[in-house]
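# Summary of structural features
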Amino acid sequence: MVSDFGNILLFIVGAIIFIRLGLWVTRLFRANNPNIEKLSTYECGEETLGSAWRQFNVRFYVIALVFVLFEIEMVFLFPWAVTFGNELFFVQTKGWGLWIGVLEGILFIGILGFGLIYPWKKGHLTWIKPTISPKVPCAKVPSYLYEQINKKYERHSVS
Amino acid sequence: MTAFLISLGLLLIYILLAGYAERKTAAFIQDRLGPTEMGPKGIFVMIADGLKLIQKEDIIPQKAHRFFFLSAPFIIFMAVFAGFAVVPLTSSIIGSETATGVFYVLAITSLDIIGIFMAGWGANSKFTLYGAMRSVSQIVSYEVPLGLSVLSIVIISQSLNLQEICKQQGILSEQTQYLFGLKFLGIPTNSIGGFLCWNIVRFPLSIFVMLIFFIAGLAESNRAPFDLPESESEIIGGFHTEYSGFRWAVVMLSEYAMMLLVCMLTSILFLGGWNTPLPNIGSWKFAAWTTGTPGTFLGNIWSAFWLISKSFLLIFLQMWIRWTFPRLRVDQLTDLSWKYLTPFALGFVILASVWRVLMII
């Protein structure tokens, strides 16, 4: 008799064995003659410059931090969710226990809501967009000449 | 063991069907013909694709971190496939009847992002790294509304076991179920069954919860319009740019498996899972006829049929969305998750708890 988590382990181990077997079987069919060109890093045909292992944008860390906070609070909400609305609990406490359970839940979710509002107001949830300044043309030809030409050939343009 | 073999077999048949369906759906939406060459109407195109992938060389870039690069597909596939362990496939076949079912699914599918990051970082290419960063931040953001919308259903059904959640939504329920879940209305639906027992009717607000769950599920499986992690026009293929051959096939298989898992969970949590949509009307026992006795051959066939047809309809909806909506921008993506879905999901958790109290009063 396999336990419940034994069955889960079967799925995990089975998935790994499935891929391992697949790799062994496909080795019989697939070509294997690597060369320098094939093994180079793909960058649309350009030679790669430097390594990809470098710093990346701090915005991703902020998202990860907010996520960790929320995920932990959600873990605490699951045990509450399966216990507070039990019918046996309702009978034993003659009804009032349920409302206390709900109030506790609302209190907890309220604190969670403040936790959401705080980074929201601080602006951590907004993705910082790069500011693009419109380019001023630096051509020597004054712009009214272009406009004159545009006006002159206006009737030729396809509308 | 049966459930394991059925899940694996279902997944392999499903990838053939879904791949073909995806191409044909895309083609018809874009007014093209799609695959036509292999077999009549191109139905063998996925088999040809599979043969091609088997013969392709397994390339490991010279600059890659070998351990991360080689082991990432294992973790990605394992994380998604292990999620199927607690999904009830029929009314009697389920991999593991653990009491923490749906919580375990949320936990194990999160491991997916570790695999994705290993793949992206390990390949040592800028495209894969960008894809992995985007993917991780996206999945992590949408994990919160996904979990909260599951929580509302857990409050309503008071169980984490998916088989139990399923059983409550039909004529096989052991407890008495009432219309809209409300006892004081005094209309028991146990003998009627059908769609009247589904969670979407038991807690009518859960149609919005389902919307949140479905959107978050789309983002979790990196499907368009949330396909920034692998947007072909910007970063080639995202985190799986450097994979080829069988390893690439495994990454793709786990992506499609994630779609199936999300759609199965949507149908189990909200749309009755393996329960029939047809109610008993008077002497016409539609629900009883199309459910069968659990454990018997007919019971298994009927329940598998309903679950699979519901999830395939949802998968079709996902494909339809993919080829209809444009891709989101990254700031719209984070805004949608944190500023719209999460507050609404929190609100629905409170409403669900109040509804649960009304259900037993």
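Thresholds, definitions, all that
- Residues numbered from 1 in each chain as written.
- Chains lettered and ligands numbered in written order.
- Predicted model: local features only at pLDDT ≥ 70, side-chain atom pairs only at ≥ 80, totals over all residues.
- Heavy atoms only, no water.
- Domains from an automatic or database assignment.
- Contact = heavy atoms within 4.5 Å.
- Buried area = accessible area lost by both parts, 1.4 Å probe.
- Salt bridge = Lys/Arg side-chain N within 4 Å of Asp/Glu carboxyl O.
- Polar contact = N/O pair within 3.5 Å; in protein donor to acceptor, adjacent residues only side chain to side chain.
- Helix = DSSP H or I, 4+ residues; strand = E, 2+ residues; numbered from the N terminus.
- Nonpolar A, V, L, I, M, F, W, Y, C, P; charged D, E, K, R; others polar.
- Patch = residues over 30% accessible without salt bridge, like charges linked within 9 Å, V, L, I, M, F, W, Y side chains within 5 Å.
- Areas by Shrake-Rupley, 256 points an atom, 1.4 Å probe, with all protein chains shown as cover.
- Phe/Tyr/Trp six-rings, centres within 6.5 Å; stacked < 30°, edge-to-face > 60°.
- Lys NZ or Arg CZ within 6 Å of the ring centre and 35° of its normal.
- pLDDT = per-residue confidence, 0-100.

## Here's the deal with the domain arrangement of chain B
Residue and element names in this part refer to chain B.
- You can read the domains of chain B as domain 1 (1–55) and domain 2 (56–360).
- Between the C-alpha centres of domain 1 and domain 2 there is a distance of 21 Å.
- Each partner contributes to the interface: domain 1 provides 23 residues, whereas domain 2 provides 29 residues.
- The largest contributions to the domain 1 side of the interface with domain 2 come from Y14, E22 and L53, which together make up 31% of the buried area.
- Our count for the domain 1 to domain 2 interface comes out at two salt bridges.
- Across the pair E22 and R322 runs a salt bridge, and its minimum N-O distance is 3.5 Å.
- Linking domain 1 with domain 2 are seven residue pairs in polar contact (both at pLDDT 80 or more), by the criterion used here.
- Mapped by element, the contributors of at least two residues to the side of domain 1 that touches domain 2 are α1 (2–29) and α2 (45–55).
- For the side of domain 1 that touches domain 2, the element with the most residues is α1, which contributes 18 residues.
- A per-class count over the side of domain 1 that touches domain 2 returns 16 nonpolar, five polar and two charged.

## Focus: a nonpolar patch on the surface
- A contiguous nonpolar surface patch, about 530 Å² in accessible area, is contributed by L16(B), M38(B), I43(B), F44(B), I47(B) and L51(B).
- By secondary structure assignment, the location of L16(B) is in helix α1.

## Thoughts on the packing of aromatic side chains
- Scanning the model with the defined rule gives 23 aromatic pairs over all chains in all.
- Aromatic rings pair up to connect F11(A), F18(A), F4(B), F77(B), F81(B) and F84(B) into one cluster.
- One residue, R20(A), lies across the ring of W24(A), its end atom 5.3 Å from the ring centre.

## A short note on the interface of chain A and chain B
- The interface of chain A with chain B comprises 69 residues on the first partner and 85 residues on the second.
- When chain A packs against chain B, close to 7,100 Å² is buried across both sides, 76% of that on carbon and sulfur atoms.
- When residues of chain A are sorted by the area they lose upon contact with chain B, F11(A), W53(A) and F78(A) head the list and together hold 12% of the total.
- For E57(B), the salt bridge goes to K38(A), with nearest N and O atoms at 2.7 Å.
- For the interface between chain A and chain B, the tally reads seven residue pairs in polar contact (both at pLDDT 80 or more).
- Sort the elements by how many residues they give to the side of chain A that touches chain B and helix α1 (residues 4–29) of chain A lands first, with 17 residues.
- Looking at the side of chain A that touches chain B residue by residue, the classes come out as 45 nonpolar, 15 polar and nine charged.

## Overview of the confidence of the model for chain A
- Averaged over every residue, the pLDDT of chain A is 82; residues scoring 70 or more account for 97%.
- Taken element by element, the predicted model of chain A shows its lowest mean pLDDT in helix α4 (residues 87–92) of chain A (75) and its highest in α1(A) (89).

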